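# Examination of the molecular architecture
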Amino acid sequence: MILEPLGSAVLGLALAWLALRFLPDRLPSRRAVLTTGALGALFGSYLMHSVLGPGHVVATLVGSALVGAVTLSLLIRPRSSRRLSRSAAV
């Protein structure tokens, strides 16, 4: 029972770390991204466990990773106008 939330939090932190690694200039502070990833995955775990019931650990973890990824995607900012103008000139 404790492994689902713990696994979900670890998955959320891993997703947040990947987001920070690949999109560092388009995300807010490191702390906000890591917190959002972990809390989004925990919420996803709660949601999936409520929908599916006990005994579906893998499906719960997959659902929590998906919800965590969606919450992290809400933090992504658009590219700066300087980058847009440079790519438009090419």
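Relevant structure appears above.
Read on for a plain summary of the structure. Values in this document were obtained by computation on a predicted structure and should not be read as measured data.

The next subject is the environment of Leu52. Along the polypeptide, Leu52 turns up in helix 2 (residues 30-52). Contacts of Leu52, omitting those with residues within four sequence positions, involve Ala59 and Thr60.

On the secondary structure map, Gly63 appears in helix 3 (residues 57-73). Between the C-alpha atom of Gly63 and that of Gly44, which follows or precedes it by 19 residues, the distance is 6.1 Å.

Take a nonpolar patch on the surface next. On the surface, a cluster of nonpolar side chains totalling about 510 Å² of accessible area is made up of Phe43, Tyr46, Leu47, Val51 and Leu52. Mapping Val51 onto the fold places it in helix 2.

The subject of this paragraph is the nonpolar core. Among the nonpolar cores identified, the biggest contains six residues, and these are Ala16, Ala19, Leu20, Leu27, Val33 and Leu72. In terms of residues, this core owes the most to one element, helix 1 (residues 3-22), which gives three residues. When residues no more than four places from it in sequence are discounted, the contact partners of Leu72 are Leu15, Ala16, Val33, Thr36 and Gly37.

Now for the packing of helix 1 against helix 2. Packing of helix 1 against helix 2 leaves a shortest axis separation of 7 Å and a crossing angle of 140°. The angle between helix 1 and helix 2 places the two elements in the oblique class. Of the two possible hands of crossing, helix 1 and helix 2 adopt the one that is right-handed. On the side of helix 1, the interface is formed by Glu4, Pro5, Ser8, Ala9, Gly12, Leu13, Ala16, Trp17 and Leu20, while helix 2 contributes Arg30, Val33, Leu34, Gly37, Ala38, Ala41, Leu42, Ser45 and His49. Class assignment of the residues belonging to the contact of helix 1 with helix 2 gives a composition of 11 nonpolar, five polar and two charged.

Cut-off values and rules
Residues numbered from 1 in each chain as written. Predicted model: local features only at pLDDT ≥ 70, side-chain atom pairs only at ≥ 80, totals over all residues. Heavy atoms only, no water. Helix = DSSP H or I, 4+ residues; strand = E, 2+ residues; numbered from the N terminus. Contact = heavy atoms within 4.5 Å. Patch = residues over 30% accessible without salt bridge, like charges linked within 9 Å, V, L, I, M, F, W, Y side chains within 5 Å. Areas by Shrake-Rupley, 256 points an atom, 1.4 Å probe, with all protein chains shown as cover. Salt bridge = Lys/Arg side-chain N within 4 Å of Asp/Glu carboxyl O. Core = buried A, V, L, I, M, F, W, Y, C linked by side-chain atoms within 4.5 Å. Buried < 20%, exposed > 50% of the residue type's maximum accessible area, 1.4 Å probe, protein only. Axes fitted to C-alpha atoms, helices over the stretch in contact; angles between N-to-C directions. Parallel < 35°, antiparallel > 145°, perpendicular 65-115°, else oblique. Left-handed = near helix turned anticlockwise from the far one by under 90°. Nonpolar A, V, L, I, M, F, W, Y, C, P; charged D, E, K, R; others polar.

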